[in-house]
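Residues per chain, in single letters:
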Amino acid sequence: MNYTTRRLISLVGLAIILVALACAPCSCLSRLGAPPPPERVEVSQEAAQRLEKKVKEAMSGTSNGEFTITATDEEVTSLIAEQLEKSSDTPMRDVQVHFGDDRIHVWAIFADVAPFDVGVSLVATATVVNDQLQVEIVESSAGVIPVPQSLLNSLSRVINETIAEAEIKAQNKVQITKVTIGDGEITISGKLSSTPTQ
């Protein structure tokens, strides 16, 4: 996870929290603890390393450039946790990622952004549009306070613009052909093609 990605995640969470604080009556402020995930995802260094290895092998390319990566709840959650431990510029901690019902479910705690820790949850979908991964946040809340759809649309747009910019900077052009979210895992298939040198 690079600096841009970490900042993007932090900004998404902070935007959700600020809207919630602005819209919430004072009686609700003490209730800004997001409901915990239905089942806690275990974090391990081994799981993080497995995912890093999968991505590295996929980006190395095959003879025809095609790749498929399957990542589990444990692998994604562990890799995010590992990267957050190395970062001192984000208030986010205790992230949990769960794949299921064709959606991505994320829970996290944001510390030092309010007089108390704030729990944030969001639900997103992932599809393929014009050979690119497109993420749409369909639901989010800071504790019991839902985030307006207009903000979710704006955050989704920022995320997708960041994904597009990352692809432009990549050494190999990545064409995503399929995204499947199963119970406890996400599978992304695509094809690599060399980016012409300028």
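Further up the page is the structure itself.
Residues numbered from 1 in each chain as written. Predicted model: local features only at pLDDT ≥ 70, side-chain atom pairs only at ≥ 80, totals over all residues. Heavy atoms only, no water.

Enquirer: Would you mind showing me how to read the packing of helix α2 (residues 45–60) against helix α3 (residues 73–85) here?
Expert: Between two packed helices, what matters for the description is the angle formed by their axes and the separation of those axes. In contact at an axis separation of 7 Å, α2 and α3 are set at 100 degrees when each is read in the N-to-C sense. Considered as vectors, α2 and α3 are oriented roughly perpendicular to each other. Along its contact with α2, which presents Q45, A47, A48, R50, L51, E52 and K54, the element α3 presents E74, E75, V76, S78, L79, E82 and Q83. The residue inventory of the contact of α2 with α3, partitioned by class, reads five nonpolar, three polar and six charged. (Axes fitted to C-alpha atoms, helices over the stretch in contact; angles between N-to-C directions. Helix = DSSP H or I, 4+ residues; strand = E, 2+ residues; numbered from the N terminus. Parallel < 35°, antiparallel > 145°, perpendicular 65-115°, else oblique. Contact = heavy atoms within 4.5 Å. Nonpolar A, V, L, I, M, F, W, Y, C, P; charged D, E, K, R; others polar.)

Enquirer: How should α3 be read in this particular structure?
Expert: A turn of α-helix holds 3.6 residues, and therefore any two residues three or four places apart point the same way. With 13 residues, α3 extends 18 Å between its outermost C-alpha atoms, agreeing within 8% with the 18 Å of an ideal straight helix rising 1.5 Å per residue. With ten of 13 residues buried, α3 lies mostly within the body of the structure. Taken together, the buried positions of α3 are D73, E75, V76, T77, S78, L79, I80, E82, Q83 and L84. (Expected span 1.5 Å × (residues − 1). Buried < 20%, exposed > 50% of the residue type's maximum accessible area, 1.4 Å probe, protein only.)

Enquirer: How should the pattern of salt bridges be read in this particular structure?
Expert: Where charged atoms from two side chains of opposite charge come close, those side chains can pair. Going through the model one piece at a time under the given rule, you end up with four salt bridges. A salt bridge links E75 to K54; the shortest N-O distance between them is 2.9 Å. Of this pair, E75 sits in helix α3 while K54 sits in helix α2, and the two are 21 residues apart along the sequence. We classify E75 as buried; its relative accessible area is 2%. (Salt bridge = Lys/Arg side-chain N within 4 Å of Asp/Glu carboxyl O.)

Enquirer: What should I look at first to understand the nonpolar core in this one?
Expert: A general feature of soluble globular proteins is that nonpolar side chains tend to end up buried together. Core analysis: the largest hydrophobic core is formed by 37 residues, its most contacted members being F67, V76, V95, V97, F99, I104 and I186. Ranked by the residues each element gives to this core, the list is headed by strand β4 (residues 118–129), at five residues. Among residues more than four places away in sequence, those in contact with V97 are V41, D73, V76, T77, I80, I104, H105 and V106. (Core = buried A, V, L, I, M, F, W, Y, C linked by side-chain atoms within 4.5 Å.)

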